[in-house]
Amino acid sequence: MPAQQIIRIPILPFNMVNAHLIRSEAGSILVDTGIPGSERKIERVLSRHGLSFKDIKLIVVTHAHTDHAGSAATVRELSGAPILAHQDDVDFYTRKIPMTYCTTGWAGRIFVKTPVPHEPYQGFQPDILLKNADATSLEEFGVDGVIRHTAGHTPGSIAIELATKDAMVGDLIASGILIGGIAFNSRAMRPPFEDDPQTVARELQRLVRAGAERFHMGHGGPLGAAEVLRHARLLSTMTPGPCMSPGCEHPSH
Ligand SMILES: [Zn+2]
Ligand SMILES: [Zn+2]
């Protein structure tokens with residue numbers, strides 16, 4: 001298998017929102033697509049590396065929040081690449097039901113009152129649906145790694161584990177002041193929304209046990225395994241916060 005390279009695609013400055021490209025000689029995988037209207041930013045990073053949309057063999061959407069799924073339908077049109085996502089977020093992708101936001105602190109509580117997280121993105125039906133927790137190989141798309149269900153942030157969140165010991169984890173973990181930002185990018189923190197911290201903790205610990213050494217995230221990062229484990233230990237003592245939108249599956253809130 002040829003060497004692989006991870007290219008960060010800044011959707012907003014200061015690591016506030018990232019997408020990533022896994023580049024290999026046999027093909028490239030786009031991991032997340034940014035907020036709606038991010039396609040030109042993605043294209044600029046591709047062209048800086050001598051690539052175009054046609055080099056994308058697969059679009060992986062880690063979960064249904066608008067800052068990750070927002071430009072997926074457009075990038076699919078431009079690239080012709082299929083979208084891979086998990087069944088448990090599919091009703092959000094197709095816009096059948098509104099996204100649930102379980103806030104983790106003051107930033108999330110303020111954020112959820114703004115129009116940003118509720119901004120409708122162009123709905124889509126994923127072409128490849130993961131339906132269970134089994135690891136799926138990415139070899140047919142030219143990348144040496146697997147993709148697997150990692151619930152906890154949203155019901156259908158997924159993460160990629162590469163043979164290079166890199167993990168692409170979406171919003172399973174975040175870092176930096178105000179998710180990304182100009183400081184503390186090496187310090188883990190919770191994203192503004194998170195369904196179930198204890199499930200997230202178990203998934204992060206499993207990823208480290210499976211050999212992941214570098215974590216690449218939607219906000220902030222990257223982080224090393226020791227910092228991820230420190231954060232997971234903290235999460236394992238927490239209970240879910242209040243969920244502030246319809247469709248919440250935590251009746252206790
Ligand atoms: Zn998210
Ligand atoms: Zn996010």
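Scroll up to find the structure this text is about.
Below you will find a few notes about this structure. Only a predicted model underlies this, so the values are computations on that prediction, with no experimental measurement involved.

Cut-offs applied
Residues numbered from 1 in each chain as written. Chains lettered and ligands numbered in written order. Predicted model: local features only at pLDDT ≥ 70, side-chain atom pairs only at ≥ 80, totals over all residues. Heavy atoms only, no water. Helix = DSSP H or I, 4+ residues; strand = E, 2+ residues; numbered from the N terminus. Buried < 20%, exposed > 50% of the residue type's maximum accessible area, 1.4 Å probe, protein only. Contact = heavy atoms within 4.5 Å. Areas by Shrake-Rupley, 256 points an atom, 1.4 Å probe, with all protein chains shown as cover. Lys, Arg positive; Asp, Glu negative; His and termini not counted. Charge placed at Lys NZ, Arg CZ, Asp CG, Glu CD. Salt bridge = Lys/Arg side-chain N within 4 Å of Asp/Glu carboxyl O. Donors = N, O, S within 2.8 Å, 3.2 Å for Na, K, Ca; no water. Tetrahedral: all angles 85-135°; square planar, octahedral: opposite > 155°, others 65-115°. Phe/Tyr/Trp six-rings, centres within 6.5 Å; stacked < 30°, edge-to-face > 60°. Lys NZ or Arg CZ within 6 Å of the ring centre and 35° of its normal. Arc of directions from axis to C-beta.

1. Describing the overall build of the chain
Now for step 1: Within the chain one finds 7 helices and 14 strands.
Now for step 2: Considering the chain as a whole, with its 253 residues, one finds that 53% of them fall into the buried category.
Now for step 3: Here the analysis covers contacts within the chain between residues at least 6 apart in sequence; of these, 67% occur between residues at least 24 apart.
Now for step 4: If you sum the accessible surface of the chain, you get close to 10800 Å²; carbon and sulfur atoms cover 55% of it.
Now for step 5: Positive and negative charge centroids in the chain, built from 24 and 26 side chains respectively, lie 5 Å apart.

2. Some thoughts on the pattern of salt bridges
Now for step 1: All chains considered together, the criterion is met by 9 salt bridges.
Now for step 2: Ionic pairing is found between R148 and E161, a salt bridge with its closest N-O pair at 3.0 Å. Of the two residues, R148 sits in strand 8 (residues 145-149) while E161 sits in strand 9 (residues 158-162), which places them 13 residues apart along the sequence.
Now for step 3: On the basis of relative accessible area, E161 is assigned to the buried category, the value being 12%.
Now for step 4: One salt bridge connects D166 with R214, and the closest N-O pair in it is separated by 2.8 Å. Of the two residues, D166 is situated in strand 10 (residues 166-170) and R214 in strand 13 (residues 214-217); the sequence distance between them amounts to 48 residues.
Now for step 5: Within the structure, one salt-bridge network assembled from shared partners comprises R148, E161, E203 and R206.

3. Examining the coordination of the zinc ion (ligand 1)
Now for step 1: Coordination sphere of the zinc ion (ligand 1), protein contribution only: H63 (NE2), H65 (ND1), H153 (NE2) and D171 (OD), at 2.1 to 2.2 Å.
Now for step 2: For the zinc ion (ligand 1), the 4 donor atoms in the first shell make angles of 94 to 161° at the metal, a pattern classed as irregular.
Now for step 3: Each donor residue of the zinc ion (ligand 1) lies on the same chain, and together they follow the pattern H-x1-H-x87-H-x17-D.
Now for step 4: The two metals, the zinc ion (ligand 1) and the zinc ion (ligand 2), are separated by 3.4 Å and share D171 as a common coordinating residue. Here the residue H63 occupies a position in the loop between strand 4 (56-60) and helix 2 (66-69), and H153 occupies one in the loop between strand 8 and strand 9, the gap between them amounting to 90 residues.
Now for step 5: In this structure H153 comes out as buried when scored by relative accessible area, which is 2%.

4. What about the packing of aromatic side chains?
Now for step 1: Under the criterion given, the structure shown has 4 aromatic pairs.
Now for step 2: Ring geometry for Y121 against F124: centres 6.3 Å apart, planes inclined by 35°, an arrangement best described as tilted. For the pair formed by Y121 and F124, the shared burial category is buried.
Now for step 3: Grouping aromatic residues by their ring pairs yields a cluster made of Y93, Y121 and F124.
Now for step 4: Stacked on the ring of Y121, the Lys or Arg R95 has its end atom at 4.2 Å from the ring centre.

5. Here we look at the coordination of the zinc ion (ligand 2)
Now for step 1: For the zinc ion (ligand 2), the protein coordination sphere consists of D67 (OD), H68 (NE2), D171 (OD) and H219 (NE2), at 2.1 to 2.2 Å.
Now for step 2: Metal-centred angles of 85 to 165° between the 4 donor atoms at the zinc ion (ligand 2) mark the site as irregular.
Now for step 3: Going along the chain, you hit the donors of the zinc ion (ligand 2) in the pattern D-H-x102-D-x47-H.

6. Quick look at helix 1 (residues 39-48)
Now for step 1: Taken together, the buried positions of helix 1 are occupied by E39, I42, V45 and L46. Seen from one end, helix 1 has its buried residues packed into an arc of 125°, which puts them on one side.
Now for step 2: Contacts from the buried residues of helix 1 go to strand 1 (4-12), strand 2 (17-24), strand 3 (27-31), strand 4 and helix 3 (72-79).
Now for step 3: Note on helix 1: the residue one or two positions beyond its end, G50, has a positive phi of about 75°.

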